[in-house]
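# Residue-level structural notes
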Amino acid sequence: MTLHRIHQLPPVLPVMGVIALLALPIGPGGEGGAGPADALSALVVLYCAIRLVRDRRRPLSRTAAVLLGLPVIGLAVAAMGASSPGAGLTGMGRYLQIFVLVPAAVLLLIRDRGDFRLLAWSFVGLALWQGALGVHQYATGTGASYQGEEIRAVGTFGAQDVMGMATVVSFGLVCAVGLALGRTAVRERAVAAACALALLLPLALSFSRGAWIATAVTCMVQLVLAGMRRALKVGAVVAAAAVVLVGGFGVGTAMLQERISSITQVTDAPDQSVTDRYTMWASAVGMWREHPLAGVGLKGFPEHRDTHASLALSAGSDTEGAGTAYRKQPLLSPHNMYLLILAEQGLIGLLALAGSWLALLVCGLRGLFRVRREGPGLDCALVACGLLVWQLTDFAYADIGGPSTVLTAVCFGLVAWWALAGGVGEAVAERPALEPAAEKVAAR
């Protein structure tokens, strides 16, 4: 391959590599720490920095620097309050990876809407692969254990990360819905709609209540933002598909109904997982009350959990199946991102992180309303806003952790590009974020 052809390759290819690495199986008994995709994400940040130095460009606009750099304030304060320097540095590095460095790199490597769509379709492709494995696990009884049967669809993530496949499939479904509701070619929209319908089954078989709620909320928001008439049409199609899937074929009918009904059982005979969740939420609130401004420090929730938790909290969750032996997985986080930030970083950290996310949402919606009235790019707007709405909703039931967390960083990068570059107007959106050196020579 000649040097000229190499320069023509999309600079987002390394980001696509991060997504592709999550298709590989996680080693049995893995603890859910940093994996190959995390390592490659670090190389993506380095690659982006090298391109910036080579092209001699200012890395970020003032607005982008402020919005993406805002979380650093709370992280620095919370890192100083950590129980040990190692815990502070480790926690800060993880937060910077997910919410600052990788999103900034993705923002800078996306040149135009074509690159954005490449990444969106990469999410769909990964979701289809993981979803197909999950359906096979349910059909053959080789999934993670659920109510004594090894039928829970977890894909390649295994029983130690039962939320991994649900997260991946949800991201793919949100991207597919956004692509289907855009104004691109009819064939592309039809393929995206078919992918979205296909992903409903593995999402259901993941038995993940948080992912169900976040995906339902997000898809409804996407449909409304695309226009009420289209929302009614697509809603009718999805409802018909759900009736055929569950009512006609009886896909996990009894267990799915029981799982869905358990969502509302907060005070009326909740299962142990719901009890543990609310107990840990109360524990996080107790930590915040003792340290309202700066929290207990990064990585401090496990250390302070038992001091604030009631006796209703169990020793951990049981995990088994999908190629792994039985083990008791400790409950080391409150499974609520907002409460985790509040407990470990206090009001300073929560206002910094949540303020950054809300600002991105406002900017993204402004760009969406602009392209809905005029010009192309509606599909990119719906994908970006949908991913952020899904993440903000899911954060009420989950937090960061596990191999799939690096996808959250890529999602925030897509959102940041649309909010700060792609949605500001067609001329700016189609201009490369990193200008090739050849164009500089031609300009001279």
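On a predicted model such as this, the values are computed, not experimentally measured, just so you know.

Here we come to the pairing of strand β2 (residues 149–152). Sheet topology places strand β1 (residues 144–146) next to β2; three bridges connect them, and they run antiparallel. Looking at β2, one finds that Tyr146 is bridged to Glu149. Two successive antiparallel strands, β1 and β2, enclose a turn made up of two residues, where Gln147 displays a positive phi of approximately 55°.

Residues Ile73, Leu293, Leu347, Ile348 and Leu351 make up a contiguous nonpolar surface patch of roughly 460 Å² in combined accessible area. Ranked by residue count, the leading element in the nonpolar patch is helix α15 (residues 337–373), at three residues. Relative to the helices and strands, Ile73 is located in helix α5 (residues 71–80).

Moving on: the environment of Ser273. With respect to the secondary-structure elements, Ser273 resides in helix α13 (residues 272–290). Taking C-alpha positions, Ser273 is 9.3 Å from Leu313, a pair spaced 40 residues apart along the chain.

What follows covers the pattern of salt bridges. Side-chain pairs of opposite charge can arise whenever the charged atoms involved come near each other. For the structure shown, the criterion picks out four salt bridges. Notably, a salt bridge pairs Asp55 with Arg54, separated by 3.1 Å at the nearest N-O pair. Of the residues examined, Asp55 reaches a relative accessible area of 0% and is grouped as buried. With a closest N to O distance of 2.6 Å, Arg117 and Asp379 form a salt bridge. Taken together, the residues span a long stretch of sequence, with Arg117 in helix α7 (residues 113–140) and Asp379 in helix α16 (residues 378–394) at a distance of 262 residues. This pair shows no difference in class: Arg117 is buried, exactly as Asp379 is.

Another point: the packing of helix α2 (residues 13–21) against helix α3 (residues 36–55). Between two packed helices, what matters for the description is the angle formed by their axes and the separation of those axes. At a minimum axis separation of 9 Å, α2 and α3 run at an interaxial angle of 175°. Relative to α3, the element α2 lies roughly antiparallel. Contacts from Pro14, Val15, Gly17, Val18 and Leu21 of α2 reach α3 at Pro36, Ala37, Leu40, Ser41, Val44 and Tyr47. Split into classes, the residues belonging to the contact of α2 with α3 amount to nine nonpolar, two polar and no charged.

What follows concerns unusual backbone geometry. A positive phi angle, near 55°, is found at Phe207, a position not held by glycine. Inspection of the secondary structure assignment puts Phe207 in the loop between α9 (186–205) and α10 (209–226). Phe207 gets classed as buried once you look at its relative accessible area, which sits at 0%.

For the rest of this paragraph, the subject is the confidence of the model for the protein. For the protein, per-residue confidence averages 83 on the pLDDT scale, and 81% of positions sit at 70 or higher. Confidence drops under pLDDT 50 across residues 426–444; counting only partners more than four residues distant or on other chains, this segment forms 34 contacts.

A general trend in soluble globular proteins is that nonpolar side chains are found buried together. Membership of the largest hydrophobic core comes to 118 residues, with the highest contact counts inside it found for Tyr95, Phe99, Phe123, Met337, Trp357 and Leu387. Sorting elements by how many residues they give to this core places α15 first, with 15 residues. With sequence-adjacent residues up to four places away left out, Phe123 is seen in contact with Ile19, Phe171, Gly172, Cys175, Leu407, Val410, Cys411 and Leu414.

When you line up the elements, Gln130 lands in helix α7. Gln130 sits in the buried class, given a relative accessible area of 0%. Setting aside residues no more than four positions away along its own chain, Gln130 makes contact with Leu22, Ala23, Gly155, Thr156, Phe157, Met165 and Val168.

This part is about the packing of α7 against α9. For the pair α7 and α9, interaxial distance at closest approach is 9 Å and the crossing angle is 40°. Looking at the two axes, α7 sits oblique to α9. Considering only the axes of α7 and α9, their crossing is left-handed. Every residue of α9 that contacts α7 at Arg117, Trp121, Val124, Ala127, Leu128, Gly131, Val135 and Tyr138 is listed here: Glu188, Val191, Ala192, Cys195, Ala198, Leu199, Leu201, Pro202 and Leu205. A class-by-class count of the residues in the contact of α7 with α9 yields 14 nonpolar, one polar and two charged.

The subject of this paragraph is the packing of aromatic side chains. In this structure the tally under the stated criterion is 13 aromatic pairs. Plain terms: the ring middles of Phe99 and Trp357 are 5.4 Å apart, the flat faces sit at 50° to each other, and that makes the pair tilted. With a gap of 258 residues between them, Phe99 in helix α6 (residues 85–109) and Trp357 in helix α15 connect regions that are remote in the sequence. Take Phe99: its relative accessible area is 5%, and that puts it in the buried class. Relative to Trp418, the ring of Trp417 has its centre 6.4 Å away and its plane inclined at 50°; by these criteria the two rings are tilted. Look at Trp417 and you get buried, because its relative accessible area is 1%. Feature note: the residues Tyr95, Phe99, Tyr338, Trp357, Phe395 and Phe412 constitute an aromatic cluster, connected by ring pairs.

Each α-helix winds once per 3.6 residues, and so residues spaced three or four apart point in a common direction. Relative to the 27 Å expected for 19 residues at 1.5 Å per residue, α13 spans 27 Å between its end C-alpha atoms, a close match to the ideal helical length. All of the buried residues along α13 are Val274, Asp276, Thr279, Met280, Trp281, Ser283, Ala284, Gly286 and Met287. At its buried positions, α13 is contacted by α10, α14 (301–308) and α15.

Reading the values: rules and limits
Every chain begins its residue count from 1, and numbering advances along the sequence as written. Totals for whole chains, interfaces and linings use all residues, but because this is a predicted model, local features are given only for residues with pLDDT of at least 70 and pairs of side-chain atoms are given and counted only at 80 or more. No hydrogens and no water enter the side-chain calculation; it runs on all heavy atoms of the structure. Any two strands with at least two DSSP bridges between them are considered paired. Secondary structure follows DSSP: runs of H or I at least 4 residues long count as helices, runs of E at least 2 residues long count as strands, and numbering of each begins at the N terminus. By definition, no residue in a patch forms a salt bridge, and every one has over 30% relative accessible area; like charges are joined within 9 Å, nonpolar side chains (Val, Leu, Ile, Met, Phe, Trp, Tyr) within 5 Å. Shrake-Rupley sampling with a 1.4 Å probe provides the accessible areas, and residues are treated as covered by the protein chains on show and by no other component. The working definition used for a salt bridge is a side-chain nitrogen of Lys or Arg within 4 Å of a carboxyl oxygen of Asp or Glu. Residue exposure (1.4 Å probe, protein chains only): buried if accessible area is under 20% of the type maximum, exposed if over 50%, otherwise partly exposed. Structural elements are reduced to axes, namely lines fitted to C-alpha atoms, with helices fitted over the stretch in contact, and the angle between N-to-C directions of any two is expressed from 0 to 180 degrees. Any angle that falls under 35 degrees is termed roughly parallel, while one over 145 is termed roughly antiparallel, one within 65 to 115 roughly perpendicular, and all others oblique. For this analysis, residues touch if any pair of their heavy atoms sits within 4.5 Å. Each residue receives one of three labels: charged for Asp, Glu, Lys and Arg, nonpolar for Ala, Val, Leu, Ile, Met, Phe, Trp, Tyr, Cys and Pro, and polar for the others, Gly being one of them. For every residue, the predictor reports its confidence as pLDDT, a number between 0 and 100. Here the nonpolar core consists of buried residues drawn from Ala, Val, Leu, Ile, Met, Phe, Trp, Tyr and Cys, with membership extended through side-chain atoms lying within 4.5 Å. A crossing counts as left-handed when the near helix is turned anticlockwise from the far one by less than a right angle, and as right-handed when that turn is clockwise. Only Phe, Tyr and Trp rings are paired, with Trp represented by its six-membered ring, and only when their centres lie within 6.5 Å; those with planes under 30 degrees apart are stacked, over 60 edge-to-face, the remainder tilted. Under the convention used throughout, the expected extent of a helix is 1.5 Å for every residue step, that is, one less than its residue count.

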